[in-house]
Each structure stands twice: as C-alpha cells, then as structure tokens.
Amino acid sequence: MSVPVYILKRILQALPLLFIISVLSFVMLKLAPIDPLASLKANPAISLQSIKAEEHRLGLDQPPEIQYFLWTKNLLTGNLGISTSGSDVTELLISRAWNTLLLGILTFFFTWLVAIPAGVYAAVNRGKFGDKFFGILTSIGMSMPTFLLALLLLMGALATHWLPIGGLQSPDFYDLDWLSQIWDEAQHLVIPVTELTFVGLAGIQRQMRGNLLDVLRAEYVRTARAKGLPENKVIYKHALRNAINPLITLLGFEFSSLLSGAALTETVLAYPGLGRLTLEAVLTKDINLVMASLMLGAVLLIIGNLLADVMLKLVDPRITLE
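The structure contained in this document is the topic of the report that follows. No experiment lies behind these values; they were computed from the predicted model shown.

Calculation rules
Residues numbered from 1 in each chain as written. Predicted model: local features only at pLDDT ≥ 70, side-chain atom pairs only at ≥ 80, totals over all residues. Heavy atoms only, no water. Helix = DSSP H or I, 4+ residues; strand = E, 2+ residues; numbered from the N terminus. Contact = heavy atoms within 4.5 Å. Lys, Arg positive; Asp, Glu negative; His and termini not counted. Charge placed at Lys NZ, Arg CZ, Asp CG, Glu CD. 1 Å grid on protein atoms, 1.4 Å probe; cavity = no way out; pocket = protein on both sides within 12 Å on 5 of 7 lines; lining within 4 Å. Points joined across faces, edges and corners; volume = space filled by probe spheres on them. Nonpolar A, V, L, I, M, F, W, Y, C, P; charged D, E, K, R; others polar. Buried < 20%, exposed > 50% of the residue type's maximum accessible area, 1.4 Å probe, protein only.

**A short note on the overall build of the protein**
Phase 1: Along the protein, the regular secondary structure elements total 14 helices and zero strands.
Phase 2: Dimensions along the principal axes, computed over C-alpha positions, put the protein at roughly 85 × 55 × 40 Å.
Phase 3: For the protein, the share of sequence-separated contacts (at least 6 apart) that also reach a separation of at least 24 residues comes to 75%.
Phase 4: Charge centroids of the protein, computed over 24 positive and 24 negative side chains, lie 16 Å from each other.

**Quick notes on the layout of surface pockets**
Phase 1: Here the largest pocket is characterised by a volume of approximately 360 Å³.
Phase 2: Taken together, 20 residues line the largest pocket, and the ones lying closest to its centre are Arg-57, Leu-58, Gly-59, Asn-74 and Asn-288.
Phase 3: Mapped onto the lining of the largest pocket, the elements with two or more residues apiece are helix 3 (48-58), helix 4 (64-76) and helix 14 (287-315).
Phase 4: The biggest single contributor to the lining of the largest pocket is helix 4, with five residues.
Phase 5: Broken down by class, the residue content of the lining of the largest pocket amounts to eight nonpolar, eight polar and four charged.

**Some thoughts on the environment of Glu-91**
Phase 1: Inspection of the secondary structure assignment puts Glu-91 in helix 5 (residues 89-124).
Phase 2: Assessed through its relative accessible area of 56%, Glu-91 is described here as exposed.
Phase 3: Sequence separation between Glu-91 and Thr-138 is 47 residues, and the spatial gap between their C-alpha atoms is 39 Å.

Don't take any of this as a statement about function, it's just geometry.
Below, the structure is given as structure tokens:
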C-alpha cells in the first residue's frame, strides 16, 4: 500500500471516530451540573427577558439533540458558534492558539534536544555517575507535580527579579520597538518552557535509555563489535537507529499536546494560552468553546498518530503499511 493511499484510508477511518468523540463530549457537557448562564441569573439587575433572549441566542432553549444537530451543521459550514461571553469562538481560538503553539514548539524542541542525548549518554555509561545523576533528575521530574514546579520557579523569579512573573507580555509591551518586544516575550517564556521541558524530558530520557540498552544486547551489535568497528560507530550508526524507532510513536502524542498539553501550567503562570481558555470554558460550561477545543485536540491527536506511523515507515523499511 502506497503512503498516499494509506493516508486517505486513515482519514476516512478517522471520520466516524471524530463523530463518536463529538457525541460523547456533548453528552458529558450536557450532564455536567453547571448552568452556563448562572452568573446572569445570579445578577438581580438582569431581567428574565434578557436571560431568555440570551438562552435563545446561544440555542440553549432547544432540546439537546437539536442543539447537537445545530452545532454539527455550523461546524460543517466553518462556523464554530458564539461563546457565552459573546465573542466569536473562532476568533478566541485563533487569538490563544498561537501563544500555546509557540510554547508547545519551544518545549518540544528543548525536550527532545536534551532528552535524546541524555538517554544515549546514560545508556552508554550505565551505572556510572552520569547515569545515576540523570536517573535522580528524571525521577524528580516524573514525581514532581507540574503546578508545584511552576510555583517554585515563580518564587525563584520573585526573589531574584531576574525574570518577569506571569503572562506573556509586559504592560508597556506595545510601547516597545519590535526587537524589545521579542526580548520581552522571550523573557516571559523562560519559566513556562523550563517547567514543561523539565517535566517532559524525564519520560523520553528514560525511554531512550531503556531502548538503547536493549539494542546494545542484540546479536548484531555484538557482531559489529567483534568485527572491530569503533564503539561510536556501533552505537550511533547501528544501535541508535533501531533504539529510536519506538520514540517516533511518542511524536504523535507530543504533536497533539502542542495545543492542549499545558492547561495547568498556563493557569498557574497566568499564561494567555488555549489550555487556560479551555479550562475556563469547562468551568462555565461554554459548550461551543469547549466542543471546538476538544475537537481540535482530537484532530491533532489523529494527525499526530498518522505522522508517527508514516515516519516510522520511512525510517524502518521493515514496517509495512498493510
């Protein structure tokens, strides 16, 4: 099976999956004991007629099945609906998606840049100081809650005044020239990128170390050493290529988390991202905004898994797409 045919087949298979995800998400949102208009109803200055008009505008006066049908119809026409705040959902997603995408790309780059060499180094120097050091470091990263690490970094920034605290831009951001604006955002990104990188590299480093240790015990590696090949060539040309294959599968999950994997961090650090927006929408039962965010995450997960499968085929000729 050729790669284009395989991609088309996977896309067709993903359509019913997306439908099931949308139905389950919508049902769970409707079952949640939260009133989207609770804040309006709690305000005595707002009349009953205004509340009824708002329910009609959002479609909340329709039966659930009609609401889902209208949402699906709008989705197919490219209309994601209106948020309970009165803003267009598409505009909200676009305004926040870039911030989260920037954070996700930087985190992804630094995580893999550090984790892969660290895993290789730990495997090659098994039992030595470097291996034990990375073992302790990754254990801390895997066991420490993300919000706790974020708070510790915030406390460090507050005590040293080396970095800005919270947000993505300073209050005088728009008064700065373009070079100063870039520097200002870069400073604000240091804490969230550091926190997410430290937490994320733990699992990848351990996976890389374990994979390489397994491959180094293989027969063909012992044969290569017996032939007198240099150790670096044995490790980096023969062993590493096979040890890194299982990590390609993780790329799919990493890709899907670019827009949805930092909600807690964004909330703690007051970062204006999509994860924080989605979490706030869930707490207020903003159905249109939550459904759009969930479907976006599902699409990214499907695309990520598809890219991982295709990449795995390209790097390992033994794998077929049948």
